Amino acid sequence: MLTIEQAQDRAAAIVDRARAAGADAADAVFAADTALDVSVRLGALEDVGRSESEELGLRVFAGKRSASVSTSDFSEHALAALVERAVAMAREAPEDAWAGLAPKERLMRGAPPQLDLDDGGEVSPESLREAALAAEDAARAVPGVTNSEGGSANASRSIWALATSHGFAAAYAATGYGLSASVLAGEGGLMVRDYAYHSTRRRRDLDSAEVIGTRAGQRTVARANPGRVESGAMPVVFDPRIGSSLLGHFIGAIGGQAVTRRTSFLLDALGTPVFAPGVRVEDDPHRPRGLRSRPFDGEGLPVSPFAIVQDGVLESWLLDSASARQLGLEPTGHAARGVGGAPGVATSNLHMAAGHMSVQALTADIARGIYVTELIGMGVNPVTGDYSRGAAGFLIENGEITTPVAEFTIAGNLRDMFRELTPANDLEFRYATNVPTIRIDGMTVASG
């Protein structure tokens, strides 16, 4: 794999070539990745996979017209053809009044912040196999586990570079490690499955294989022989593993493209309460070793911790430069880029702040409710906020989480759900998006 400096130089060089070929402006992304994956099942090696990739994406502008092209062929002939084709395409593209690079005066200056994302480690297939086997063994050792879907371990390292024709060029590297186990309990039509996994930027931060496997086994056995739940309106409590999906729907509704296209159920909500008082939602791209930490955004703008919701009030849209221009606002440093196409928006390390109640206190006054541990399907309307998803989990009876239940749906409207939302105090930073246990009153539960 190339060094960070070589990746940065490669992106900058193609931008210079595009300008020399007649482009009014240009930016380029270079992405390189190497990954190793090992999976096992029932104590035997099932698969070993290794991948390596290098891709270059170029976006050029001819006035307000633009075009994007990409390649994994870095020969001189291919790069020359890429630049020629991109400039020709841009000249024939339709005009877009909002298109363009990020404002030059807003670009990040100086060295990117160091976020401890790259441990530079080399991992052998043998060590990954041993970890995957240990995780599966620990899961299968839990009494009540009847079968296994396997264990897996992976390691990767990537480099991402961005260069623009108005003076920005930077790159950074990140490593990633993951370990998981998935097992089954029960027999026949009553068989259930569950899993556990952990992902980190540095290998030393990864949970042990025994911890991950045991957690997978215990979760699975707890769900065995699920019953049914009666239909009705009742409180629903979301496990942190799946409660983060609620923030995903929220972020989708406040992104610049959803707002400019008027396809958001929160279209007129800026500056108003959208969550209950006290709720805070924050995006932190500078978290050391964060799974989505980044030193700059997809257009070269500096990034920093950003309170999206304070005391329940929506403080800002998430904007790239194009959507910001269209709305007459400033970009927020949330532009996200792939190798191909124009930037969109995305968060980095997103979380909902912990509340003040323990999980036990959060559920103490629930005579009958549902603790949800799995969501199925994607029945969410981003325009109206209507929400309906299949689910599985446990009954809450007289404040206690009791027997497993399955084959039911939970429904509501996200506007109402957000206003009724109460977070517990058990926030942990384990994923890219993190929430504590969440309670939402008044949801509709329907048995399947």
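See above for the structure.
Here goes a summary of the coordinates provided. (Residues numbered from 1 in each chain as written. Predicted model: local features only at pLDDT ≥ 70, side-chain atom pairs only at ≥ 80, totals over all residues. Heavy atoms only, no water.)

### Quick look at the pairing of strand E6 (residues 192-200)
Link 1 in the chain: Only one face of E6 is buried: it carries Val192, Asp194, Ala196, His198 and Thr200, and the other face, with Arg193, Tyr195, Tyr197 and Ser199, is open.
Link 2 in the chain: Bridge count between strand E5 (residues 169-185) and E6: 9 bridges; the pairing is antiparallel. For Ala185, the partnering residue across the bridge sits in E6 and is Val192.
Link 3 in the chain: Between E5 and the antiparallel strand that follows it, E6, lie 6 residues; Gly186 among them carries a positive phi value of about 85°. (Buried < 20%, exposed > 50% of the residue type's maximum accessible area, 1.4 Å probe, protein only. Helix = DSSP H or I, 4+ residues; strand = E, 2+ residues; numbered from the N terminus. Pairing = 2+ DSSP bridges.)

### Considering the sheet that holds strand E10 (residues 313-314)
Link 1 in the chain: Spatially, 5 strands are ordered E10-E9-E8-E13-E18 in an open sheet, and the strand pairing comes out mixed. Of all the strands in the sheet, just E10 and strand E18 (433-434) have a single pairing partner and so form its edges.
Link 2 in the chain: Examined bridge by bridge, strand E8 (residues 281-283) and strand E13 (residues 350-352) share 3 bridges and lie antiparallel to one another. Following the sheet pairing, Asp283 is matched in E13 by Leu350.

### Topic: the sheet that holds strand E4 (residues 145-164)
Link 1 in the chain: Taken in spatial order, the 6 strands of this open sheet run E3-E2-E1-E4-E5-E6, and their pairing is antiparallel. The two strands at the open ends of the sheet, each matched to only one other strand, are strand E3 (65-71) and E6. For this sheet, the mean inter-axis angle between neighbouring strands, taken without regard to orientation, is 20°.
Link 2 in the chain: Bridge analysis of strand E2 (residues 44-62) against E3 gives 7 bridges, and the strand direction is antiparallel. The residue of E3 that forms the bridge with Ala62 is Arg65. (Axes fitted to C-alpha atoms, helices over the stretch in contact; angles between N-to-C directions.)

### Observations regarding unusual backbone geometry
Link 1 in the chain: If you check the backbone angles, Leu42 has positive phi at about 55° while not being a glycine.
Link 2 in the chain: The topology assignment puts Leu42 in the loop between strand E1 (25-41) and E2.
Link 3 in the chain: You will see that Glu407, though not glycine, has its phi angle at about 60°, which is positive.
Link 4 in the chain: With respect to the element layout, Glu407 can be found in strand E16 (residues 400-413).

### Notes on the side chain of Ser323
Link 1 in the chain: Residue position: Ser323 is located in helix H7 (residues 321-327).
Link 2 in the chain: At a separation of 2.5 Å, a polar atom in the side chain of Ser323 contacts the side chain of Asp320.
Link 3 in the chain: With residues near it in sequence (within four places) discarded, Ser323 still touches Gly256, Gln257 and Thr260. (Polar contact = N/O pair within 3.5 Å; in protein donor to acceptor, adjacent residues only side chain to side chain. Contact = heavy atoms within 4.5 Å.)

### Here we look at the packing of helix H3 (residues 125-140) against helix H4 (residues 209-222)
Link 1 in the chain: The N-to-C vectors of H3 and H4 enclose an angle of 35°; their axes lie 7 Å apart at closest approach. For H3 against H4, the interelement crossing comes out right-handed. For the pair H3 and H4, the contacting residues are Ala131, Ala134, Ala135, Ala138 and Ala139 in the first and Ala209, Glu210, Gly213, Thr214, Ala216 and Gly217 in the second.
Link 2 in the chain: Residue composition of the contact of H3 with H4, by class: 7 nonpolar, 3 polar and 1 charged. (Left-handed = near helix turned anticlockwise from the far one by under 90°. Nonpolar A, V, L, I, M, F, W, Y, C, P; charged D, E, K, R; others polar.)

### What to know about the nonpolar core
Link 1 in the chain: In this structure, Phe238, Phe250, Phe275, Ile308 and Ile410 are the most contacted members of the largest nonpolar core, which totals 49 residues.
Link 2 in the chain: The leading source of residues in this core is helix H5 (residues 240-254), at 7 residues.
Link 3 in the chain: The residues touching Phe250, leaving out its near neighbours within four places in the chain, are Leu266, Val274, Phe275, Ile308, Val309, Leu314 and Phe418.
Link 4 in the chain: Core analysis: the next-biggest nonpolar cluster, separate from the first, contains 28 residues, Val83, Val87, Ala163 and Ala171 among them. (Core = buried A, V, L, I, M, F, W, Y, C linked by side-chain atoms within 4.5 Å.)

### Details of the packing of helix H1 (residues 4-20) against helix H2 (residues 76-92)
Link 1 in the chain: Contact pair H1 / H2: the axes reach a minimum separation of 9 Å and the direction vectors enclose 50°. Regarding the angle of H1 to H2, the classification is oblique. Here the hand of the crossing between H1 and H2 comes out right-handed. Across the interface between the two elements, Ile14, Arg17 and Ala18 from H1 touch Glu76, Leu79, Ala80, Leu82, Val83 and Val87 from H2.
Link 2 in the chain: A breakdown of the residues in the contact of H1 with H2 according to their chemical character gives 7 nonpolar, no polar and 2 charged. (Parallel < 35°, antiparallel > 145°, perpendicular 65-115°, else oblique.)

### Describing H2
Link 1 in the chain: Relative to the 24 Å expected for 17 residues at 1.5 Å per residue, H2 spans 25 Å between its end C-alpha atoms, a close match to the ideal helical length.
Link 2 in the chain: Buried within H2 are the following residues: Ala78, Leu79, Leu82, Val83, Ala86, Val87 and Ala90. Buried residues of H2, seen end-on, are gathered within an arc of 160° and therefore sit on one face of the element. Exposed side of H2, more than 90 degrees from the buried face: His77, Glu84 and Glu92 are the residues found there. (Expected span 1.5 Å × (residues − 1). Arc of directions from axis to C-beta.)

### Some words on the pairing of strand E14 (residues 368-376)
Link 1 in the chain: Two strands pair when backbone bridges link them, and strand E7 (residues 232-238) and E14 are joined in this way by 3 bridges, in the parallel orientation. Bridging from a neighbouring strand, Phe238 pairs with Val372 of E14.

### Some points on the pattern of salt bridges
Link 1 in the chain: For the structure shown, the criterion picks out 25 salt bridges.
Link 2 in the chain: One salt bridge connects Glu95 with Arg65, and the closest N-O pair in it is separated by 3.7 Å. Taken together, the positions of Glu95 in the loop between H2 and H3 and Arg65 in strand E3 put the pair 30 residues apart, joining distant regions of the chain.
Link 3 in the chain: Through salt bridges with shared partners, one network takes in Asp194, Arg223, Asp239, Arg241 and Glu374. (Salt bridge = Lys/Arg side-chain N within 4 Å of Asp/Glu carboxyl O.)

Taken by themselves, the reported measurements are silent on function.
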